[in-house]
Amino acid sequence: MRLTSLHLREIRMPLKEPFRISSGVQTLRRILLVAATDEEGRVGWGECTAGEEPNYSSETTDTAWLAIREWVAPRLLGREIAGPAEVLPLLEQNFRGHSMAKAAVEVAFWDLEAQRLGVSLARLIGQGRGEIRTEIEVGISLGIQASPQALAQKAAACLARGYGKIKIKIGPGEDLEYVAAVREALGPEAPLMADANNAYGRADFARLAALDAFGLLMIEQPLACDDLLRHAELQKRLRTPICLDESITSLDRAEDMVTLDAGRIVNIKVGRVGGIASALAIHDFCRSRGVPVWCGGMLESGIGRAVNVALAALPGFTIPGDISPSERYWQRDLVAPEWTMDARGRIRVPLQAPGLGLAVDLDRIEDLTARAERLAAG
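Residues numbered from 1 in each chain as written. Predicted model: local features only at pLDDT ≥ 70, side-chain atom pairs only at ≥ 80, totals over all residues. Heavy atoms only, no water.

## Thoughts on the sheet that holds strand 10 (residues 265–268)
Thinking step 1. If you walk across this open sheet you meet the seven strands as 5-6-7-8-9-10-11, and the pairing is parallel. Each edge of the open sheet is held by one strand with a lone partner, namely strand 5 (139–142) and strand 11 (293–295).
Thinking step 2. As judged from the four bridges shared by strand 6 (residues 165–169) and strand 7 (residues 192–195), these two strands associate in the parallel manner. If you follow K169 over to strand 7, its bridge partner there is D195.
Thinking step 3. Its contacts with the sheet put helix 5 (residues 148–161) on strand 5 and strand 6, and the angle it makes with strand 5 is roughly 165°.
Thinking step 4. Relative to strand 10, helix 11 (residues 276–289) is tilted by about 160°, and along the sheet it contacts strand 10 and strand 11. (Pairing = 2+ DSSP bridges. Helix = DSSP H or I, 4+ residues; strand = E, 2+ residues; numbered from the N terminus. Contact = heavy atoms within 4.5 Å. Axes fitted to C-alpha atoms, helices over the stretch in contact; angles between N-to-C directions.)

Okay, here's the thing in structure tokens:
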């Protein structure tokens, strides 16, 4: 395969409602899309999951744009590449960080390869990994609300809608009372978890241990992303499993988590780990060690969601992911048909159409485009 051009677009999509976590509030997504064209004229799509500000990771929409233009594109454009598994090694050599920028282009290669072979992305990445699912169970992530009662009401409505896992965001001073209200509203058996997004430290261990009383599926990323040792210290004090998100940036970090017992569940995000090849390696390792994994979300458009759906169809993904239908976030998505969830809380995995498995709405993208740049092979 030879890449002839990369077309970068920044689109701006307002969220249907503000989404608040411990590090801030989001009302608009500035999303970087990548359209990669090969020598046969096929177009593969990737979406960069970096945020507008460096609060989830050090990457942003703007830094990713720069990284793709200056360092990713020159390494790949016009080069003969046997397959998408070769992309990340080419980008890792003497090129540190910028995982989300790398992943946006790497994903487009996987889409191109699936189209070339005439298979769905889910079938391509699932090869040799056992039976893939035809539908996936869906979870929802709820931002911090104005009051515990408001959060409980919203969580109850989501459970009634059919979501298979309810994740609530927490932060210091907005945790125990909020979790207690939701647990009371949902009942003792409802699948409930809390996500802290790095908001706590060692001084908060006793407060975090108090969450054991609520029978949570997991507590996600309570401490700093670069602090596996304190996560291990905290896990010893908890009955509730810790799930690591921001901490898992590579296979090595997943291996370190298991060695240190710094967590017992892994949230896999394609962008955060540098692409599909890295996500597959983490999935395979965790499956071999009996570590449950699930697919996290980054407020993606329908393009990024297609990748998440394909990944979550793999057999190791035993916990519902944050893969809500299009209507959860957007008045109108970028794909047709839009992602929908049935009354049982499941999304169908597109297995027949090649590549992502749905049509990209080019007119919608054009309407939302704030800037664009085409990078071509010399």
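Now that the structure has been shown, we can carry on.
## What about the pattern of salt bridges?
For side chains bearing opposite charge, pairing can occur when the charged atoms are close.
Thinking step 1. Going through the model one piece at a time under the given rule, you end up with 32 salt bridges.
Thinking step 2. Residue K154 is joined to E17 by a salt bridge in which the shortest nitrogen-to-oxygen separation is 3.6 Å. Placement of the pair is K154 in helix 5 and E17 in strand 1 (residues 3–21), with a sequence separation of 137 residues.
Thinking step 3. K269 is paired through a salt bridge with D245; the nearest N and O atoms lie 3.0 Å apart. Taken together, the positions of K269 in the loop between strand 10 and helix 10 (270–273) and D245 in the loop between strand 9 (242–244) and helix 9 (251–260) put the pair 24 residues apart, joining distant regions of the chain. (Salt bridge = Lys/Arg side-chain N within 4 Å of Asp/Glu carboxyl O.)

## A closer look at the packing of aromatic side chains
Describing an aromatic ring pair means giving the distance of the ring centres and the angle of the ring planes.
Thinking step 1. Under the counting rule described, the total for this entry stands at two aromatic pairs.
Thinking step 2. Arranged with centres 6.1 Å apart and planes meeting at 65°, the rings of W71 and F95 form a pair that is edge-to-face. Highlighted residues: W71 in helix 1 (residues 61–76) and F95 in the loop between helix 2 (87–92) and helix 3 (99–117), separated in sequence by 24 residues.
Thinking step 3. Considering the side-chain rings of Y329 and W330, the 6.2 Å spacing of their centres and the 55° angle between planes classify their relative orientation as tilted.
Thinking step 4. Y329 gets classed as buried once you look at its relative accessible area, which sits at 8%.
Thinking step 5. Over the ring of F95 we find K102, and its NZ or CZ is 4.3 Å from the ring centre.
Thinking step 6. The residue whose ring lies beneath R371 is W65, and the NZ or CZ to ring-centre distance is 4.0 Å. (Phe/Tyr/Trp six-rings, centres within 6.5 Å; stacked < 30°, edge-to-face > 60°. Buried < 20%, exposed > 50% of the residue type's maximum accessible area, 1.4 Å probe, protein only. Lys NZ or Arg CZ within 6 Å of the ring centre and 35° of its normal.)

## Brief notes about helix 6 (residues 176–186)
Thinking step 1. Those residues of helix 6 that fall on the buried side of the exposure criterion are Y178, V179, A181, V182, R183 and L186.
Thinking step 2. Those residues of helix 6 hidden inside the fold are in contact with helix 5, strand 6 and strand 7.
Thinking step 3. One or two residues past the end of helix 6 sits G187, with phi positive at roughly 95°.

## Some remarks on unusual backbone geometry
Thinking step 1. With an omega dihedral of -5°, the bond running from A336 to P337 counts as a cis peptide bond.
Thinking step 2. In this fold, P337 is placed in the loop between strand 12 (335–336) and strand 13 (346–348).
Thinking step 3. Of note, H98 is a non-glycine position whose phi angle comes to about 60°, a positive value.
Thinking step 4. Structurally, H98 is set in the loop between helix 2 and helix 3.
Thinking step 5. H98 gets classed as partly exposed once you look at its relative accessible area, which sits at 26%.
Thinking step 6. In this structure, D261 is a non-glycine residue whose phi angle is positive, near 55°.
Thinking step 7. Assignment of secondary structure puts D261 in the loop between helix 9 and strand 10.

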